[in-house]
Amino acid sequence: MNPKVDFFFDKAKQWQKEFEKLRMISLDTGLEEELKWGCPCYTYHEKNIFLIHGFKEYCAILFFKGALLNDTDNILIQQTENVQAARQIRFTCLKEIVDLEKVIKTYMYEAVEVEKSGVKIEMKKTKEFNMPIEFQNKLDENSALKESFLALTQGRQRAYLLYFSSAKQSKTRESRIEKYIPEILKGKGLHD
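Criteria and thresholds
- Residues numbered from 1 in each chain as written.
- Predicted model: local features only at pLDDT ≥ 70, side-chain atom pairs only at ≥ 80, totals over all residues.
- Heavy atoms only, no water.
- Axes fitted to C-alpha atoms, helices over the stretch in contact; angles between N-to-C directions.
- Helix = DSSP H or I, 4+ residues; strand = E, 2+ residues; numbered from the N terminus.
- Parallel < 35°, antiparallel > 145°, perpendicular 65-115°, else oblique.
- Contact = heavy atoms within 4.5 Å.
- Nonpolar A, V, L, I, M, F, W, Y, C, P; charged D, E, K, R; others polar.
- Buried < 20%, exposed > 50% of the residue type's maximum accessible area, 1.4 Å probe, protein only.
- Pairing = 2+ DSSP bridges.
- Salt bridge = Lys/Arg side-chain N within 4 Å of Asp/Glu carboxyl O.
- Core = buried A, V, L, I, M, F, W, Y, C linked by side-chain atoms within 4.5 Å.
- 1 Å grid on protein atoms, 1.4 Å probe; cavity = no way out; pocket = protein on both sides within 12 Å on 5 of 7 lines; lining within 4 Å.
- Points joined across faces, edges and corners; volume = space filled by probe spheres on them.
- Expected span 1.5 Å × (residues − 1).
- Arc of directions from axis to C-beta.

Enquirer: What am I meant to see in the packing of helix α7 (residues 154-165) against helix α8 (residues 170-185) here?
Expert: For any two helices packed against each other, the geometry comes down to the angle between their axes and how far apart the axes lie. Contact pair α7 / α8: the axes reach a minimum separation of 9 Å and the direction vectors enclose 155°. Viewed along their axes, α7 and α8 adopt a mutual orientation that is roughly antiparallel. Along its contact with α7, which presents Y160, Y163, F164 and S165, the element α8 presents R173, R176, I177, Y180, E183 and I184. Its residues assigned to classes, the contact of α7 with α8 shows 6 nonpolar, 1 polar and 3 charged.

What follows is the structure, encoded as structure tokens:
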């Protein structure tokens, strides 16, 4: 039990009992407990295995390489279509956690074995992500923008593409693109 992580559990207004139970189950695995992204994260030899987090409608365990787990109980959830590796087990009450405790531990131990094996998840390449036509037009019109965009890291490129593509209307996509052109030209990412 890492005292640095206590604040997460102490500050929780919602899911307090569920978080405490998930923490006890997690600590039984013998993994290191750390605080990452403001959440309890459980690691094996400094590699992230899973974390505990909460949302308005549910709390969850997020397995960083969940896509590689054998989901024998069909309980892993892909948060959005753009999440490539991580998978969640979601809970809406303490009873669900208690009822699934043995299954949860099995998934946790399997996640450690996946990490030990060194297996990597083949991530989609940036070119495989949807390029909004509005952004492609801007890149075609402005060679400095194209050069700056291609000079960004793959992760920064993907973040922009996902953000621009997520707008349903062309007008909104254009507005987003216009707003971030100066940032791209400065070599900055969406969240820099």
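Having seen the structure, we can now continue with the description.
Enquirer: Can you help me understand the pairing of strand β5 (residues 87-91) in this one?
Expert: Looking along a regular strand, one sees the side chains alternate between the two faces of the sheet. Burial of β5 is extensive: 4 of the 5 residues sit out of reach of the surface. Bridge count between strand β4 (residues 59-63) and β5: 5 bridges; the pairing is antiparallel. Following the sheet pairing, C59 is matched in β5 by F91.

Enquirer: Can you help me understand the pattern of salt bridges in this one?
Expert: Charged atoms that come close allow side chains of opposite charge to pair. In this structure the tally under the stated criterion is 12 salt bridges. The partner of K36 in a salt bridge is E34, with the nearest N and O atoms 3.9 Å apart. According to the relative accessible area criterion, E34 is partly exposed, its value standing at 26%.

Enquirer: How should I be thinking about the side chain of E110 in this particular structure?
Expert: By the element assignment, E110 lies in helix α4 (residues 101-117). Discounting chain neighbours no more than four positions away, the residues touching E110 are L68, L69 and N70.

Enquirer: How should I be thinking about the nonpolar core in this particular structure?
Expert: Nonpolar side chains in soluble globular proteins generally cluster together in the buried interior. Counting residues in hydrophobic clusters, the biggest one holds 34 residues, and the most contacted among them are F19, F50, I61, F63, F91 and Y107. Listed by contribution, the elements that provide at least two residues to this core are α1 (6-11), α2 (16-27), β2 (39-44), β3 (47-54), β4, β5 and α4. The element that contributes the greatest number of residues to this core is α4, accounting for 7 residues.

Enquirer: It is not clear to me how the side chain of H53 should be interpreted in this structure. Could you clarify?
Expert: Within the secondary structure layout, H53 lies in strand β3. Residue class for H53 comes out buried when judged on its relative accessible area of 10%. The residues touching H53, leaving out its near neighbours within four places in the chain, are F8, F19, C39, C59, A60, L62, Q79 and Q88.

Enquirer: I'm lost on the layout of surface pockets in this one. Help?
Expert: To find leftover empty space, a probe the size of one water molecule is rolled over the atoms. Estimated volume of the largest pocket: approximately 160 Å³. Lining the largest pocket we find F64, Q79, N82, V83, Q84, A85, A86 and M123. Grouping the amino acids of the lining of the largest pocket by side-chain chemistry returns 5 nonpolar, 3 polar and no charged.

Enquirer: I'm lost on α2 in this one. Help?
Expert: Along an α-helix, a turn takes 3.6 residues, which lines up residues three or four apart on a common side. Here α2 is 12 residues long and its end C-alpha atoms lie 16 Å apart, about the 16 Å a rise of 1.5 Å per residue gives. Taken as a whole, α2 has its buried residues at E18, F19, L22, R23, I25 and S26. Viewed along the axis of α2, the buried residues span an arc of 165°, placing them on a single side of the element.

Enquirer: Which parts of the structure should I look at to understand unusual backbone geometry?
Expert: Phi at H45 takes a positive value of approximately 50°, unusual for a residue other than glycine. Of note, H45 is situated in the loop between β2 and β3. One non-glycine residue, N74, lies in the positive phi region at around 55°. Mapped onto the secondary structure, N74 falls in the loop between β4 and β5.

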